Amino acid sequence: QVQLVESGGGLVQPGGSLRVSCAASGSILSINAMGWYRQAPGKERELVAAITSGGSTNYADSVKGRFTISRDNAKNTVYLQMNSLKPEDTAVYYCNADVLAGWASGHYWGQGTQVTVSS
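The rules behind the values
- Residues numbered from 1 in each chain as written.
- Predicted model: local features only at pLDDT ≥ 70, side-chain atom pairs only at ≥ 80, totals over all residues.
- Heavy atoms only, no water.
- Helix = DSSP H or I, 4+ residues; strand = E, 2+ residues; numbered from the N terminus.
- Rg over C-alpha atoms; globule rule 2.2 N^0.38 Å.
- Buried < 20%, exposed > 50% of the residue type's maximum accessible area, 1.4 Å probe, protein only.
- Contact = heavy atoms within 4.5 Å.
- Areas by Shrake-Rupley, 256 points an atom, 1.4 Å probe, with all protein chains shown as cover.
- Lys, Arg positive; Asp, Glu negative; His and termini not counted.
- Charge placed at Lys NZ, Arg CZ, Asp CG, Glu CD.

Draft legend 1. Structural view of the overall build of the chain. Across its full length, the chain holds zero helices and 11 strands. Ordering the α and β elements of the chain from the N terminus gives β-β-β-β-β-β-β-β-β-β-β. Taking 14 Å as the expected radius of gyration for a compact globule of 119 residues, we find that the chain reaches 14 Å, a close match to that expectation. Principal-axis analysis of the C-alpha atoms gives the chain an extent of 45 × 25 × 20 Å. For the chain, buried positions account for 42% of its 119 residues. Restricting the contact set of the chain to residue pairs at least 6 apart, pairs at least 24 apart contribute 55%. Split by element, the accessible area of the chain, about 6,100 Å² in all, is 48% carbon and sulfur. Each charge class in the chain can be summarised by its mean position, and for the 9 positive and 8 negative side chains these summaries are 4 Å apart.

Draft legend 2. Focus on the environment of Val78. Topologically, Val78 is positioned in strand S8 (residues 77–82). The exposure class of Val78 is buried, given its relative accessible area of 0%. Considered as a pair, Val78 and Gly106 are 28 residues apart in the sequence and their alpha carbons are 17 Å apart. Look past the residues within four positions of Val78 in its chain and what remains in contact with it is Val20, Ser21, Cys22, Met34, Trp36, Ile51, Ile69, Ser70, Arg71 and Cys95.

In structure tokens, the structure reads:
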């Protein structure tokens, strides 16, 4: 089995910064792309940022220049550094990973971590 566990969410004031992490565990052979999604109340889940195993990244237009995605392949962990946060960034943030793990290979989701941007 494979599990993704997120951490680092919380409450931050507008203009502040926050870093969320997502660690994958289990019988993992390798991980291809990893990404962060978010879902605000009443809205559909949307892609925030993604990163390939080689380090290529892409971002939603709404977060370009403010958010940075990175990963540590040795730790099977992906990070999202969020700067200049805005109230509209408030959402539950989910990580996703395309995992190679033998019979358990597939796309996995974390449980989500709440990020609230408010004064």
